[in-house]
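Descriptive structure summary
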Amino acid sequence: MTAATRTTLLAALAVVLAASALTPLFADASWVPPVVAGVGAVAGGMLLARRLRVPLLLQPLLAVPLLTVLAGLLFARDTLVLGLPTPETVVRLGEVLGEGLLAVETERAPVPVVPGLVLLALLGVAAAALLVDALAVTARRPALAGLPLLAMLAVPSGFLPGGVGWWPFVLGATGWLLLLVDDAGTRVARWGTALRAGSRSGPLDDSSLGRTGRRVGVAALGLAVVVPALLPGMEARLLTGGTGSGFGGSRTVTTYNPITELGGQLRLPEPQPLLVYATNDPAPDYLRLTTLDRFDDASGWRASDLSADVRRDAVSGGIPVPTAVRSAPGQEVATRVRIQGLGGPWMPTPAVPTRVSVDGPWLWDRDSETVFSTRVDLQEVDAPYEVSVRKVVPDPARLRAADALPDDLAPFAEPPQVSPYVQQLTQEVVAGAETPYDQVAALQAFFRDADNGFTYSEDADVPSIDAPNALEAFLRGRQGFCEQYASAMAAMARVLGLPARVAVGFTPGSPIGEGQYQVTTNDAHAWPEVWFEEGGWVRFEPTPRAEQVTTPDYTVPPAPEQEEVPEPAASSPAATPDATAPQPTAPAAPVDPEAAGGDDAAGALPGWLSPRRLLGAAVLAILLAGPALVAAARRRRRWREPGPQAAWAQVVEDAGDVGHRWNPADSPLAAAARLVEARGLGPDASAALTGIAADLERERYARPGSTPAADADRLRDAAAAVRAALLAGAPARTRWTARLLPASSLRWAADAGGQRVADVLDRVDGLVGAATARVRALGRGTA
């Protein structure tokens, strides 16, 4: 086998190993054979091109026909003629590819294994295989081949909030290391004839150099996986998900656009359950995920960076309530949520939360009023979490009278650059409205009035809010779903100089029991919020959607004699209770957040004393006590064979734990005298130490049987006396370190662990050497 052939096959293997990162994206593994076949087609085409001595730049072109034939056999078999593709084959493959692209927009991982998605995976992995082969074989730069392999890990992690996991990283890195080792062996082989007869170079070289290279590679791979998980502040996004600082960091920042998934959720053929919740609110409001506060007519609405201090802004410590919310009419509400199929970095809560009881590093961003995390995904929240809410019930009269705008909200009210059509239409809609509240109410009525021709549609052809000039296109076409309506109304409010933004989340869902509701993908929603001095960020509803959405009473200007705080509407009739839903809460307001737990809250552990935290505390206690326990166990084991050797070994370790350095050239008696002088041991401890040293020298140098055996109890007591004197004479910090984290135990654990790893690597090397010898023997037998 030539070096080029071997490297070609290793490059294909590395791509297949890295492609394991796609596994979490699919619901099952039926995508694997087509993708592996695609990599095989690339490798076969490149091998054939090199055998035919095709020019380097033209070699990848030979793999393209093989890929086309393979794709035709898999996805358009009936269009082939004599096994060869036709123009109809290309058209069919284009249709399948379009279906895959649509599925990317509408589906959420793990996705079903449909032909379009498999074709996308096949083509993407095949392109990576071509690039890896070109770098590793053609350009002879295997180190650079790690970049496309890394991209194969990075791309899936962009769709998986929890990352791809550690094992695809290990597999992909292993393939890259094989390429590097093969390249090193090939370069060494060019130096001349091998020193040992029958030796071979390459990734399975069984020489000492090969074994050393494998050990270095395994050690580097282990460090790459283990170290980020152990060191605070280090986090591998490919492995665990999230960005920002680790535990103990000061701030964490992230940017997402949740509205990009909204249309896909609404267009799913069947609604998927996302969460269930129980509440004591008779008329529950929308659940908010996050908000979008940046707008321009060219790119639509975007979210600012979410930012929070990991110490000050943890939701478990309470959430500060804005002044405008505290002064507005409202009520205290308790809600208990259980996640079913919802993922992502945002936690759905009613507005406005004052406290969230949940395990994990969840933070509060004050500007966007978002509960978020960059270290864990919502799917990792196994237990129900409880939310205490200050539910605002705005008074239309007070909203009409409010006109002050705080300085920190000025960016939310800055008029955007919009087309003259949008500017003129906005002014026409609000003509005659005297107050900001009346202007916003007029905007809402404009969209919901059937005479104005607006209709609700989830058609995929409706332009998204981030399309160029999408605002004017929507206002002229007057067809779209909640994404367009919320975007348009909020943008028009900003044209008027009013602070507005777009909120993304869910409508209240469907009742499944008394005080219990289920939220599905059909409940995904976006709505505009406008800030008022008397109420904070107030929800409006412009979307003319017959089902699910509710128009708040306070957004419809009442007649002067009816300007009162509206009474909450009665909830819908309860359906049959769902056994999997959280327990309902007592229908009283205000209510203690702990009461939201329902029946299962009685006798339960406090929120701060959850089983996960108890387990974490137990593990931490074991880790902290581990070195001391190891030291005690080693002392006990050492004295199973009592004698001068055991006593002296104990003294050596005890002295080392308090910082004493031994001179290897000293005899036991000389070393004992040096220790007495250096540590200032008292007469009793000095006598005990001298006795141990004398017994050890007699055992070492006297003729066997010429001296009586040393008294084991006396030696044990003498070693204990020396240890006590060493600890008593050490500074307090050194003394406690010697007791809790003895250096001798740490060194012993490191040595023992290193020896075990070396033993395992020796066994692996032995297996590799045996397999290599077997392959060579078979090769010689067939030669």
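Please read all numbers here as calculations on a predicted model, not as lab measurements.

Quick look at the overall build of the chain
Secondary structure summary: the chain contains 23 helices and 19 strands in total. Relative to its 783 residues, the chain shows a buried fraction of 44%. Total accessible area on the chain stands at roughly 38,800 Å², and carbon and sulfur atoms take up 60% of it.

Focus on the nonpolar core
Judged by nonpolar contacts, the single largest core of 45 residues is most densely connected at V15, F26, V125, M152 and L179. Mapped by element, the contributors of at least two residues to this core are helix 1 (3-18), helix 2 (32-51), helix 3 (59-75), helix 4 (87-106), helix 5 (115-138) and helix 6 (146-159). Sorting elements by how many residues they give to this core places helix 5 first, with 14 residues. Each residue touching V15, except ones within four places of it in the same chain, is listed here: V39, V125, A128, A129, V132, L149 and M152. One finds L292, V422, L496 and V504 within the second-largest nonpolar core, a separate group that totals 41 residues.

Thoughts on the pattern of salt bridges
Counted by the stated rule, this structure contains 21 salt bridges. A salt bridge links K391 to D281; its shortest N-O distance comes to 2.8 Å. Here K391 is found in strand 12 (residues 385-392), whereas its partner D281 is found in the loop between strand 2 (273-279) and strand 3 (287-292), with 110 residues between them in sequence. We note a salt bridge from E369 to R501, for which the minimum N-O separation is 3.0 Å. A residue pair is termed long-range when its members are at least 10 positions apart, and E369 in the loop between strand 10 (363-365) and strand 11 (370-372) and R501 in strand 15 (residues 500-506) qualify at 132 residues. Accessibility assignment for this pair places E369 and R501 in one class, buried.

Topic: unusual backbone geometry
That bond from A351 to V352 is cis: its omega, 0 degrees, falls within 30 degrees of zero. Within the secondary structure layout, V352 lies in the loop between strand 8 (349-350) and strand 9 (353-357). Even without being glycine, R140 reaches a positive phi, approximately 55 degrees. Within the element layout of this structure, R140 appears in the loop between helix 5 and helix 6. For R140, a relative accessible area of 51% corresponds to the exposed category. The backbone of R478 shows a phi angle near 55 degrees, a positive value even though the residue is not glycine. Summarising the element assignment, R478 is placed in the loop between helix 15 (470-477) and strand 14 (479-480).

Comments concerning a nonpolar patch on the surface
Taken together, the side chains of W736, L740, L741 and L746 make up a nonpolar region of the molecular surface, amounting to roughly 410 Å² of accessible area. By the secondary structure assignment, L746 is in helix 23 (residues 743-782). The exposure class of L746 is partly exposed, given its relative accessible area of 45%.

So, the packing of helix 1 against helix 5
Across the interface, helix 1 lies against helix 5 with an axial gap of 9 Å and an inter-helix angle of 145 degrees. For helix 1 against helix 5, the interelement crossing comes out right-handed. From helix 1, A4, T7, T8, A11 and V15 reach across to helix 5, where they touch V125, A128, A129, V132, D133, A136 and V137. Of the residues contributing to the contact of helix 1 with helix 5, the split by class is nine nonpolar, two polar and one charged.

Brief notes about the environment of P627
Along the chain, P627 falls in helix 17 (residues 611-638). Judged by its relative accessible area of 13%, P627 is buried. Setting aside residues up to four positions removed in sequence, P627 forms contacts with L740, L741, P742, S745 and L746.

A few points about the sheet that holds strand 9
Strand order in the open sheet made by the six strands is 9-12-7-2-17-16, with antiparallel pairing throughout. Two strands close off the open sheet at either side, each with one partner strand: strand 9 and strand 16 (510-513). Within the sheet, the average angular offset between the axes of one strand and its neighbour, ignoring direction, is 30 degrees.

Overview of the confidence of the model for the chain
Overall, the prediction assigns the chain a mean pLDDT of 76, with 75% of residues at 70 or greater. At the low end of the mean pLDDT range in the chain sits helix 9 (residues 237-240), at 41; at the high end sits helix 13 (residues 420-429), at 92. Below pLDDT 50 for its whole length, residues 193-206 participates in 30 contacts with residues either more than four positions away or in separate chains. Across residues 225-251, confidence stays below pLDDT 50; counting only partners more than four residues off in sequence or on other chains, it has 71 contacts.

Focus on the packing of aromatic side chains
In total, this model carries 16 aromatic pairs according to the counting rule given. Aromatic ring contacts, followed pair by pair, group F446, F447, F454, F474 and Y485 into a single cluster. The aromatic ring of W537 is capped on one face by R501, whose charged end is 4.2 Å from the ring centroid. Lying across the ring of Y286, R539 places its NZ or CZ 3.8 Å from the centre.

Quick word on the pairing of strand 12
As a general feature of sheets, a regular strand has side chains that alternate between the two faces. Among the eight residues that make up strand 12, eight are buried, leaving the element largely enclosed by the rest of the structure. Across the two faces of strand 12 the burial is the same, with Y385, V387, V389 and K391 and E386, S388, R390 and V392 all buried. As judged from the eight bridges shared by strand 7 (residues 330-339) and strand 12, these two strands associate in the antiparallel manner. When the sheet's bridge partners are listed, Q331 is paired in strand 12 with K391. Note that strand 9 and strand 12 share four bridges and pair antiparallel.

Details of helix 2
If you check helix 2, its first and last C-alpha atoms are 28 Å apart, about what 20 residues at 1.5 Å a residue would give, namely 28 Å. Inspection of helix 2 places P34, V35, G38, V39, A41, V42, A43, G45, M46, A49 and R50 among the buried residues, and these make up the whole buried set. Of the surrounding elements, those touching the buried residues of helix 2 are helix 1, helix 3 and helix 5. The first or second residue beyond helix 2 is R53, which carries a positive phi of 55 degrees.

A word on the pairing of strand 7
Burial within strand 7 is extensive, with seven of its 10 residues counted as buried. Bridge analysis of strand 2 against strand 7 gives five bridges, and the strand direction is antiparallel. Bridged to Y277 within strand 7 is V337.

So, the sheet that holds strand 8
Read from one edge to the other, the open sheet built from five strands follows the order 8-3-15-18-19, with strand pairing classed as antiparallel. Edge strands, defined here as strands with exactly one partner in the open sheet, are strand 8 and strand 19 (536-539). Alignment of strand 15 against strand 18 (residues 524-532), held across seven bridges, turns out to be antiparallel. Bridging from a neighbouring strand, R501 pairs with E529 of strand 18. The strands touched by helix 16 (residues 482-495) within the sheet are strand 15 and strand 18, with strand 18 carrying the most contacts at an inclination of about 15 degrees.

So, the side chain of T349
Checked against the element boundaries, T349 lands in strand 8. With sequence-adjacent residues up to four places away left out, T349 is seen in contact with Y286, L287, R288, V356, V371 and V387.

Thoughts on the packing of helix 15 against helix 16
Direction vectors running N to C along helix 15 and helix 16 enclose 110 degrees, while the axes themselves pass 10 Å from each other. Relative to helix 16, the element helix 15 lies roughly perpendicular. Here helix 15 contributes L471, F474 and L475 to the contact with helix 16, which in turn contributes Q484, Y485, A488, A491 and M492. Its residues placed into classes, the contact of helix 15 with helix 16 shows seven nonpolar, one polar and no charged.

What counts and how
- Residues numbered from 1 in each chain as written.
- Predicted model: local features only at pLDDT ≥ 70, side-chain atom pairs only at ≥ 80, totals over all residues.
- Heavy atoms only, no water.
- Helix = DSSP H or I, 4+ residues; strand = E, 2+ residues; numbered from the N terminus.
- Buried < 20%, exposed > 50% of the residue type's maximum accessible area, 1.4 Å probe, protein only.
- Areas by Shrake-Rupley, 256 points an atom, 1.4 Å probe, with all protein chains shown as cover.
- Core = buried A, V, L, I, M, F, W, Y, C linked by side-chain atoms within 4.5 Å.
- Contact = heavy atoms within 4.5 Å.
- Salt bridge = Lys/Arg side-chain N within 4 Å of Asp/Glu carboxyl O.
- Patch = residues over 30% accessible without salt bridge, like charges linked within 9 Å, V, L, I, M, F, W, Y side chains within 5 Å.
- Axes fitted to C-alpha atoms, helices over the stretch in contact; angles between N-to-C directions.
- Left-handed = near helix turned anticlockwise from the far one by under 90°.
- Nonpolar A, V, L, I, M, F, W, Y, C, P; charged D, E, K, R; others polar.
- Pairing = 2+ DSSP bridges.
- pLDDT = per-residue confidence, 0-100.
- Phe/Tyr/Trp six-rings, centres within 6.5 Å; stacked < 30°, edge-to-face > 60°.
- Lys NZ or Arg CZ within 6 Å of the ring centre and 35° of its normal.
- Expected span 1.5 Å × (residues − 1).
- Parallel < 35°, antiparallel > 145°, perpendicular 65-115°, else oblique.

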